[in-house]
Structures are given as C-alpha cells and as structure tokens.
Amino acid sequence: IDANKLCEGYYLQPKYPKIDPATEDQLPVTVKSDEASFISKGTSEFTGKVVASQGTKFIYASKAEVAHNPQSGELESITAIGDVRIMQPNLRVDGSKAVADIPEDRKVINNAVYRIYDRHARGIAETLVIDGKTKMNLKDSTYTTCAPDSNAWYLKASRTEFNRETGRAQAWDAKLYVKDTPIFYWPYVNFPIDKRRQTGFLQPSLENSTRNGSTLIAPFYWNMAPNYDFTIRSNYMSKRGFKFDTKTRYLTKDRKSVV
C-alpha cells in the first residue's frame, strides 16, 4: 500500500528547547502543580495541572505521585494519573495512567494513543512502553500513516516493537486492514520506520482477473550499493503459472536514475 496516495495530512510537532542530548539525562527533574504535598524521602503528591519535565521530556497529568528513595532521597519514579500526556522529540503519547522509572528512563502508559511525528504515524495501544529515546513496545496496538481523520489502512497486531537505532519495526500476529476490512495476515512482519534502504521482501499483494486468475505477487528488493539497487518480482498466476519481472536502478552523478 502506498500511504502517500491513500492518506494526506498529519500532526505538526511542537517546538522543543535546544538541549544537548549527551547531557540531558543529567539535568534535574522538575515538577509543577496547583497543589502539592512534598516529602523529600518518600512519596510526594501533586494535584492540578501537573507538569514534570527534564530537558525535552515532559509529562502532563491531573495528579502525580513522585517517589524518592527513603534513604538517599534520589528520585525513583513518577506515577501520573488522569489526562496523561507524555511528550518528547518525535513522540507524543496520551493515556489514562503512566509510570515513569527515572533511573532507567522507562515509561509505561495504559490505554495509549500515540503519534510518531517524523513518520506521520499514529495509533492506539492497550499498553505502550517507552525505553529511552530509541525503543518502544506496544501490546494490542494499531499503526497507520494516514491523516488524523482517516483510517484508509492500518496494521493491527498483538505485539509491536519500534527501534530507531535499526530503523525497523517488528509486529507479531499482525493483520492489515483497508477501510476496516482485514485483507492480509502475518504471524510475523518486519517493516521500515525511516528512509534507510534494506535488502528483503517487500509488501506482497494479491490480484484477481478473469484472464490470469488469482495472482500472488511477492517482490524482493536487493540494496546492492548506495547508488544502485535491484528488484525481482515473482508473480504466480493460478491460470498461467509463474512470471518474473526485474528492475535495476542506477543513480548517476547528476542524480538521475537510469533503469
């Protein structure tokens, strides 16, 4: 499915303060609210327009419990409840409850609605876990790059993992829906979440016609070098047998593609 043809429009990411990523985790965590009951070594309670922040990472909620180590006083966790919103560069997650493990930089959000800004992607999840700035795990979730008011297509899976370091996502027990109709199922599927090219099978498709019958199309992409690649498309037609199509692309110095 070509998401660019089916879907238009996206969420615009807000601006963040310029912070050196190498030193961001060393910055102090600040918590603001309308009311607070503060305990330096124990659990403090904050209510009313709660905002917890550290550099470019923000947690908004109606109520929050902030736990400090009883002996050292070090900040250990923040539990946010009610109208929860977690924001950091390229990501926003809304939910009913969130627990942030500060030393591990790990957040668990229940009943999540998420946006990945640089991919113009969004979806929902029963549980969403953010591990640092590069990994995200979802349970019983959906994924689409359609506009905010459109679900022309979406992927629904029992478990999904996003990894920005590899530029890939993995999904298990996944179904592809078009206009709320399931059209394909994968026990496991691996797909890109950025523009890096990688060798492997592309999205398969199924066609039907009176001449060829049912046709299963399974393309294979070979990333041979930064300036050229090769695609072989195998077609199995129930009435005519196998057919193979190949395509080679070569990028010249003046940035023109030669096929």
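Just so we're clear, the structure is a prediction, and the values are computed from it rather than from any experiment.

K.L.:
Can you walk me through the overall build of the chain in this structure?
P.N.:
A count of helical and extended segments in the chain gives one helix and 18 strands. Its C-alpha atoms give the chain a radius of gyration of 23 Å, more than 25% over the compact-globule value 18 Å for 259 residues. Across its three principal axes, the chain shows a C-alpha extent of roughly 75 × 45 × 30 Å. Here the chain holds 259 residues, and the buried ones make up 37% of them. Summarising the internal contacts of the chain: among those between residues at least 6 apart in sequence, 36% fall at separations of at least 24. Put simply, the chain shows about 15,700 Å² of open surface, and 52% of that area lies on carbon and sulfur atoms. Each charge sign in the chain was given a centre, from 38 positive and 30 negative side chains, and these centres are 10 Å apart.

K.L.:
What is the right way to read the packing of aromatic side chains from this model?
P.N.:
In this description, a pair of aromatic rings is defined by centroid distance and the angle of the planes. In the structure shown here, the tally under the stated rule is 13 aromatic pairs. Centroid distance tyrosine 154 to tyrosine 177: 4.9 Å. Interplanar angle 5°. Geometry classified as stacked. A residue pair is termed long-range when its members are at least 10 positions apart, and tyrosine 154 in strand 10 (residues 153-163) and tyrosine 177 in strand 11 (residues 168-178) qualify at 23 residues. An identical accessibility class is assigned to tyrosine 154 and tyrosine 177; each is buried. Taken together, a centroid distance of 6.1 Å and an interplanar angle of 10° make the contact between phenylalanine 242 and phenylalanine 244 stacked. There is no split in this pair, since phenylalanine 242 and phenylalanine 244 are both exposed.

K.L.:
I'm lost on unusual backbone geometry in this one. Help?
P.N.:
Excluding glycine, a negative phi dihedral is what most residues carry, and trans is how most peptide bonds are arranged. With phi around 50°, histidine 120 is a residue other than glycine that occupies positive phi space. Within the secondary structure layout, histidine 120 lies in the loop between strand 7 (106-116) and strand 8 (121-131). A relative accessible area of 36% places histidine 120 in the partly exposed class. Despite not being glycine, aspartate 173 shows a phi value in the positive range, around 55°. Note that aspartate 173 resides in strand 11. By relative accessible area, aspartate 173 is classed as partly exposed at 37%.

K.L.:
Explain the pairing of strand 7 to me, please; I cannot follow it from the model alone.
P.N.:
Remember that side chains alternate between the two faces of the sheet whenever the strand is regular. In terms of strand pairing, strand 6 (residues 91-101) meets strand 7 through nine bridges, oriented antiparallel. Bridged to lysine 97 within strand 7 is asparagine 110. Counting the residues in the hairpin turn of strand 6 and strand 7 gives four residues, including aspartate 105, whose phi is positive at 50°. In the sheet, strand 7 pairs with strand 8 via 10 bridges, with the strands oriented antiparallel. Bridge assignment links isoleucine 116 to a residue of strand 8, and that residue is alanine 121. Count of turn residues in the strand 7/strand 8 antiparallel hairpin: four residues, of which histidine 120 carries a positive phi of about 50°.

K.L.:
Help me out: how do you make sense of a negative patch on the surface in this one?
P.N.:
Taken together, the side chains of Glu74, Glu76, Asp101 and Glu104 make up a negatively charged region of the molecular surface. If you trace the backbone, glutamate 74 turns up in the loop between strand 4 (57-68) and strand 5 (75-88). For glutamate 74, a relative accessible area of 54% translates into the label exposed.

Criteria and cut-off values
- Residues numbered from 1 in each chain as written.
- Predicted model: local features only at pLDDT ≥ 70, side-chain atom pairs only at ≥ 80, totals over all residues.
- Heavy atoms only, no water.
- Helix = DSSP H or I, 4+ residues; strand = E, 2+ residues; numbered from the N terminus.
- Rg over C-alpha atoms; globule rule 2.2 N^0.38 Å.
- Buried < 20%, exposed > 50% of the residue type's maximum accessible area, 1.4 Å probe, protein only.
- Contact = heavy atoms within 4.5 Å.
- Areas by Shrake-Rupley, 256 points an atom, 1.4 Å probe, with all protein chains shown as cover.
- Lys, Arg positive; Asp, Glu negative; His and termini not counted.
- Charge placed at Lys NZ, Arg CZ, Asp CG, Glu CD.
- Phe/Tyr/Trp six-rings, centres within 6.5 Å; stacked < 30°, edge-to-face > 60°.
- Pairing = 2+ DSSP bridges.
- Patch = residues over 30% accessible without salt bridge, like charges linked within 9 Å, V, L, I, M, F, W, Y side chains within 5 Å.
- Salt bridge = Lys/Arg side-chain N within 4 Å of Asp/Glu carboxyl O.

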